[in-house]
Every structure is written in structure tokens, then in C-alpha cells.
Amino acid sequence: MSTSSTELKQESTSAVSPIPLMQMATAFWAFKTLATAVDMDLFTHLSSTPMTSAEMAKWFRIEERPAEMLLTGCAGLGLLSKRKGRYCNTPLAENFLVRGGSYYFGGFVTMLNRRLYSGWDKLPEAISTNRPTTWNPDKQASLFEGADPAMMQTFWQAMHSLSTFTARALGEAVDFTRFRKLLDVGGGSGAFDIELCLRYPELSATVYDLPFVTDIAHERINEARLGNRVSTHAGDFFADPAYPPGHDVILLSMIMHDWGEQENRAILRKCYDALPPGGAVVISELLVNDDKTGPAPAALMSLNMLIETVSGRNYTAAELRGWLQDIGYTNVRVIPFEAAGANGVIIGEKAQ
């Protein structure tokens, strides 16, 4: 006896639940709760002074109803706990959301809230036009041109926290013992260089980025007391005809997804030319799987590149491997790992 389409539909419906859709559809509720609490600097205040909802209302000069609701929401998200009637930070909030902390992540939340949230609201426009929505490429040379200085400071602060923990995971996944001098192309605040040099005592590094970025990196390097091992080199990795020489490993962390294939091939070629025989390039990224069905963090980051860049997207390991091999890199391999900013590295070597 055959099964009707109606029976199959009923059987299929009984086996699934709309709960995942509810979680996806309301994901912005959690984000805006977090972003509002960060914007109010709630976690910084609670770090030193746990509060009841009435005390919070008085402190922030708001009504107790919204105070209680925000505190309850943050507790529900695992950011606050309650002791003796007062709300206090959980370890997650205490370590990452208290302003002035070494790993303050609030800057990343603020950047998402004030810059990217409105851009994502225009995702249908980005999909229909294939153009960024957070800036106008007809009027700006890049997403950084004309940006609010305070927001850019927030951006680099945010990226430093994100990169610090990604760098630690990278340092565990990839053995840098045989390398002596690392060039970090587009190295930002120097978080990768600092963490890798702390893990590998024989390694020294150079942060290679735009002048205003290397100024930020210089401050971070001094804070880490690594000025004798980590230096900066101001430049433009597109405009400069060649990359700084004298390095046996080159790192490209969260760089490939900003650009299209043509630009990325040019970057990889310059890396190849700058490396000595036996040197290696290390590409750290959120990699899309080869059949382009996920994973979600990489796929969604790729959509973020649609609203933020002219030609960027997140790539598969197969795509990156192919470019490396076309240029002449050998022993190309993929090493997976899990971190906030990456899920794997592609390594290619320049033949001896």
C-alpha cells in the first residue's frame, strides 16, 4: 500500500519543531539586551557593586520595571547571577565585559550595535545590489575613510580582544618552533604577534599595516613589554611593490575574507616573493566547508563581508589551497581548530 503525500507531510511535521526557527528569529533579542547593557556600562558597575533592581533603577535614574527586566534578561543569558538578592557578574561578564579589563570585549559589541546592526538591516539591499551597506564606495575609498575616530578606536579595541584568543588557539594548533621571524600582514593591533611571541620564546615578529594602525600596535606591544621582539612596519600591502624582507613565516589572519579572488592572489604572490626557500605562509580564517553548506559562523561572516566590503567573502579550504598551489606553494595543508575568529588554517611552503 502506497503512502500518500498528506501522510508523508504529517509524518515529517511531527518529527520537527519550530524551536530552531524561533531561536533564529529572536536572536536579535539577546543581542540588543547585551548591547544595551554594554552601552549602559552595567557590567562595569556591577563588578564593584552588586545591585538589586531597585538599586540599579536609582543608580541609572530609570524606573524599576525596566531595570528588573534588563537584569533578568542578562541573567537569563548567563551574564549575571543573583546572590543574596543582588545581581552580580558571572565569570563570563567579569572577564570580558568590565571596561578597562585586559580582554574587554565590549568594544566588539558596541561596534556591532552602532555600525553593523543598521547595515544588516539593509541586507536585502546588499543582496539585490551586491554593494556594501555600511559605507558608500562611490564616495569613500574604503570603509575606514571618513569613519568616526572614536568608532575606529572601538573597532581596534574590539579586534584586539577577539584576536588575542584566536591567536592562542592558533599557537596551540600550529607549531611555530622552526620559525624565527614572523611577518603579520595586516596585523592590526599586534595581538597575534604578542600571543605567538609569548608562546614561542625564539620567535620575533613584525606588524605590517597602515601607519595609523601600527601606532595602535606600538602601544599594545609596549603594554606587553615585547618591544625587543615585536616591531612595526608602516605600509600598504596593496600599494607597496614588495613586502618587508627577512621573515621566514608570513601570517594572514582574517585578511582573505576582506577581498576578492584577484586581490587575494596578488597578496599571496607578494608573500611568496618575500619568503625565503622553506618559508611558509599561514592563512587563518573562518573557513566555509568545501560543499558550501556551512558552518554557520563562517557562512554568516561571509554575509557580513557582503555588507562591509566591495568584493570580500569567506572562502573554502579548497579555494585557498588552489590559489596557493597555482602560485607555486608546496606541502599545502589544512589544520582545523576552534576559536572566536577562525576555525582553521591553510599552510603553504615555498620550495627549498
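For the structure itself, look to the data block above.
The structure contained in this document is the topic of the report that follows. What you are looking at is a predicted structure, and each value in this text was computed from that prediction instead of being measured. (Residues numbered from 1 in each chain as written. Predicted model: local features only at pLDDT ≥ 70, side-chain atom pairs only at ≥ 80, totals over all residues. Heavy atoms only, no water.)

### A short note on the packing of helix α10 (residues 149-173) against helix α12 (residues 211-223)
Keep this limit in mind: In this description, a line fitted to the C-alpha atoms serves as the axis of each element, helices being fitted only across the stretch in contact, and the angle between N-to-C directions of two axes falls anywhere from 0 to 180 degrees. Strands here mean DSSP runs of E at least two residues long; helices mean DSSP runs of H or I at least four residues long; both are numbered from the N terminus. An angle below 35 degrees is treated as roughly parallel, one above 145 as roughly antiparallel, one from 65 to 115 as roughly perpendicular, and anything else as oblique. Left-handed is the label given to a crossing in which the near helix is rotated counterclockwise from the far helix by less than a right angle, and right-handed is the label when the rotation is clockwise. Throughout, a contact is declared for two residues whenever any of their heavy atoms are within 4.5 Å. Just so you know the grouping, Ala, Val, Leu, Ile, Met, Phe, Trp, Tyr, Cys and Pro go in nonpolar, Asp, Glu, Lys and Arg go in charged, and all remaining residues, Gly too, go in polar.
Viewed as axis vectors pointing N to C, α10 and α12 meet at an angle of 50°, and their least axial separation amounts to 12 Å. As the angle between them shows, α10 and α12 are arranged oblique. Two packed elements cross with a definite hand, and for α10 against α12 that hand is right-handed. Residues Q153, W156, Q157 and H160 of α10 lie in contact with α12, whose contacting residues are F212, V213, I216 and R220. Each residue belonging to the contact of α10 with α12 can be placed in one class, and the counts come to four nonpolar, three polar and one charged.

### Things to note about the pattern of salt bridges
What counts, and what does not: Each salt bridge in this description consists of a side-chain nitrogen of Lys or Arg and a carboxyl oxygen of Asp or Glu lying within 4 Å of one another.
Taken as a whole, this structure holds 14 salt bridges when the rule is applied. Ionic pairing is found between D273 and R269, a salt bridge with its closest N-O pair at 3.7 Å. One end of the pair, D273, and the other, R269, are both in helix α13 (residues 261-274), four residues apart, so they sit about a helical turn from each other. Two residues, E319 and R313, come together in a salt bridge whose shortest N-O distance is 2.8 Å.

### Some points on the side chain of D41
Quick note on the threshold: N or O atoms within 3.5 Å of each other form a polar contact, as long as, within protein, one can give a hydrogen and the other can take it, and as long as residues adjacent in sequence are counted only when both atoms are side-chain atoms.
Mapping D41 onto the fold places it in the loop between α3 (27-39) and α4 (42-48). A distance of 3.2 Å separates polar atoms of two side chains, one belonging to D41 and the other to R99.

### Digging into the sheet that holds strand β5 (residues 230-234)
Hydrogen bonds between backbone groups are what pair the strands of a sheet, and the pairing can be parallel or antiparallel. Stated precisely, the cut-off is as follows: Only strands joined by at least two bridges in the DSSP assignment are considered to pair.
Pairing is mixed across the open sheet formed by seven strands, whose spatial order is β5-β4-β3-β6-β7-β9-β8. Because the sheet does not close on itself, it has two edges, and the strands there are β5 and β8 (330-336). Pairs of neighbouring strands in the sheet enclose a mean axial angle of 20°, with direction left out of account. The pairing of β8 with strand β9 (residues 344-349) spans five bridges and is antiparallel. Its bridge partner lying in β9, I335 is registered against V345. Those strands touched by helix α11 (residues 191-199) are β3 (181-185), β4 (204-209), β5 and β6 (249-253), and its axis lies near 175° from that of β4.

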